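Architecture at a glance
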Amino acid sequence: MSNFLHTSRLLSSRNLFSPLAKHFFELYLQVNNMPAEHKPVLAQYISRELTLQSNSIVVDATVGFAGHSSIFAQQLSSDGMIIGMDVDPKCLEVAKQNLSDAKCKVLLVRSNFSEIANVFRENGIESADLILADLGICSGQLADMDRGLSFGQDMKLDMRLDDRLETTAADIVNSRDEKGLADLIFKYGEERASRRIARSIVSYNQKAKIKTTGQLVDIICSALGCDPNARKNKIHPATKTFQALRIAVNKELENLEIFLDAVPSLLKKNGRAAIISFHSLEDRIVKNNFRNNKAAGIYDIITKKPIVADRTEEIENPRSRSAKLRIAVKI
Ligand SMILES: C[S@@+](CC[C@H](N)C(=O)[O-])C[C@H]1O[C@@H](n2cnc3c(N)ncnc32)[C@H](O)[C@@H]1O
């Protein structure tokens with residue numbers, strides 16, 4: 001069944017946002033705890049490697065705050081088009097604002113990228129010149145109290161990027177047994193201490209439910225015998241467990257596989273697929289999909305090795321440190 005929900009809007013006017021509308025939009029973001037800042041990763045390579053014709057059709061399958069789409073918009077005329085998809089309606093609001101000056105047509109759709117084929121069908125789009133997915137989450141979502149994703153701030157433990165999903169991270173930690181939790185934390189977080197963490201979660205559960213990210217951080221840290229604030233910790237001790245729960249709640253790997261399988265039939269000849277991943281589980285799926293499509297004579301792989309951030313970008317935008325960009329072209 002399609003989970004395509006219509007937020008789609010065709011924007012082509014240059015001055016859709018008056019100063020007053022902008023002011024109210026900023027207030028909207030504050031009320032909704034959503035900082036509007038997000039630096040797009042690998043932007044210099046995106047503009048260099050993915051040059052467009054002025055009439056290209058571009059799908060940004062994870063439009064977020066439209067950081068990458070704003071770069072594409074600069075290359076497109078009124079004959080070109082950006083289709084921006086996201087599961088998070090707040091991100092789509094920010095994207096709408098950030099693309100309000102675009103000359104090209106802009107269609108913003110609330111949809112999981114696993115539904116990309118439906119989005120094409122329902123909007124009469126046959127094929128695209130470029131399909132980009134910049135996986136994971138925007139910095140703004142991490143700070144969004146409604147998303148419950150952060151181990152840096154105490155918030156309600158939720159982790160759904162799409163609030164139409166039924167199961168939250170709290171549901172998972174409060175209902176799974178020790179083995180189920182350990183397997184999940186190991187599989188999706190690659191956390192070697194998964195059993196110790198799972199044992200602590202289950203033992204806490206015998207006394208109380210876990211409701212907030214802060215509670216979960218404390219449980220993880222006590223299981224690992226570490227101080228969450230100690231500077232020597234290169235990565236926060238809760239990083240891997242939080243990654244595992246987010247992947248499970250949002251079915252991230254399953255959706256990525258469905259999306260990647262759909263992409264070749266939606267690209268024009270010489271059209272490109274560009275995927276930015278942030279951890280090895282995602283990157284492995286992208287690499288294997290590109291390899292299999294190459295073996296089947298469908299893709300040529302442009303990036304023999306993934307493109308990664310240079311030192312300057314790593315310093316300016318720490319999120320870019322784990323980013324890997326792979327590009328394939330449809331033969
Ligand atoms: C890293 S951010 C994208 C940032 C964007 N490239 C920019 O420069 O502003 C990833 C976005 O993908 C969205 N997202 C994650 N999984 C998704 C999925 N399966 N389908 C659609 N959007 C998804 C998130 O809500 C988030 O807004």
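Residues numbered from 1 in each chain as written. Predicted model: local features only at pLDDT ≥ 70, side-chain atom pairs only at ≥ 80, totals over all residues. Heavy atoms only, no water.

**Quick look at the site of the ligand**
So the rule is basically this: Any residue with a heavy atom lying within 4 Å of a molecule or strand is counted as near it. Polar contact criterion, stated in full: a pair of N or O atoms within 3.5 Å, where within protein one must be able to donate a hydrogen and the other to accept it, and residues adjacent in sequence count only if both atoms are side-chain atoms. Only the protein chains shown count as cover for residues, with accessible areas throughout obtained via the Shrake-Rupley method and a probe of 1.4 Å. The pocket and cavity definitions rest on a 1 Å grid over protein atoms only: a 1.4 Å probe that fits but cannot leave marks a cavity, an open set with protein on both sides within 12 Å along at least five of seven lines marks a pocket, and residues lining either have an atom within 4 Å of a point. Just a note on the criterion: a molecule sits in a pocket or cavity if more than half of its atoms are within 2 Å of the grid points. Polar here means any residue outside two lists: the nonpolar Ala, Val, Leu, Ile, Met, Phe, Trp, Tyr, Cys and Pro, and the charged Asp, Glu, Lys and Arg; Gly therefore counts as polar.
Around the ligand, 25 residues are found, and the nearest of them are His 68, Asp 86, Phe 113, Asp 134 and Gln 141. At 3.0 Å, a side-chain N or O of Asn 112 approaches a nitrogen atom of the ligand. Starting from 600 Å² of accessible surface for the ligand in isolation, the protein chains cover 97%. Taking a 2 Å distance to the grid points as the criterion, the majority of the atoms of the ligand fall inside the second largest pocket. Residue classes in the shell around the ligand are distributed as 12 nonpolar, nine polar and four charged.

**Things to note about the pattern of salt bridges**
Note the cut-off: The term salt bridge refers to a pairing of a side-chain nitrogen on Lys or Arg with a carboxyl oxygen on Asp or Glu at a separation within 4 Å. Note on conventions: DSSP H or I runs of at least 4 residues are helices, E runs of at least 2 residues are strands, and numbering of each starts at the N terminus. Only protein chains enter the calculation, and the probe is 1.4 Å; a residue is then buried if its accessible area is under 20% of its type maximum, exposed if over 50%, and partly exposed in between.
A complete count under the given rule lists 17 salt bridges for this structure. In this structure, Lys 90 and Asp 146 form a salt bridge, with 2.8 Å as the shortest nitrogen-oxygen distance. With Lys 90 in helix H4 (residues 89-98) and Asp 146 in the loop between helix H6 (139-143) and helix H7 (169-175), this pair connects stretches of sequence that are 56 residues apart. Looking at Lys 90, the relative accessible area reads 7%, which means it is buried. A salt bridge links Asp 162 to Arg 110; the nearest nitrogen and oxygen atoms lie 2.9 Å apart. One end of the pair, Asp 162, is in the loop between H6 and H7; the other, Arg 110, is in strand E4 (residues 105-110), with 52 residues separating them in the sequence.

**Points about the environment of Lys 179**
As for its placement among the helices and strands, Lys 179 is situated in helix H8 (residues 178-189). The class of Lys 179 is exposed, set by a relative accessible area of 54%. Considering only alpha carbons, one finds Lys 179 and Arg 199, 20 residues apart in sequence, at a separation of 8.6 Å. One polar contact links Lys 179 to Asp 183, side chain to side chain, over a distance of 2.6 Å.

**Let's talk about the nonpolar core**
The following threshold applies: Among buried residues, the Ala, Val, Leu, Ile, Met, Phe, Trp, Tyr and Cys ones that are joined through side-chain atoms within 4.5 Å form a nonpolar core. Contacts are assigned to residue pairs with any non-hydrogen atoms lying within 4.5 Å of each other.
Membership of the largest hydrophobic core comes to 66 residues, with the highest contact counts inside it found for Ile 83, Ile 116, Ile 131, Ile 201, Leu 216 and Phe 259. Here this core takes seven residues from helix H12 (residues 252-266), the largest share from any one element. Leave out the neighbours within four places in its chain, and Ile 201 touches Val 173, Leu 181, Ile 185, Ile 210, Leu 216 and Ile 219.

**Points about the pairing of strand E5 (residues 128-134)**
The condition is simple: DSSP-based pairing: two strands are paired if at least 2 bridges between them are found.
Within E5, six of the seven residues are buried, which leaves it mostly tucked inside the rest of the structure. Bridge count for strand E2 (residues 57-60) against E5 is three bridges, and the pairing is parallel. If you follow Asp 60 over to E5, its bridge partner there is Leu 132.

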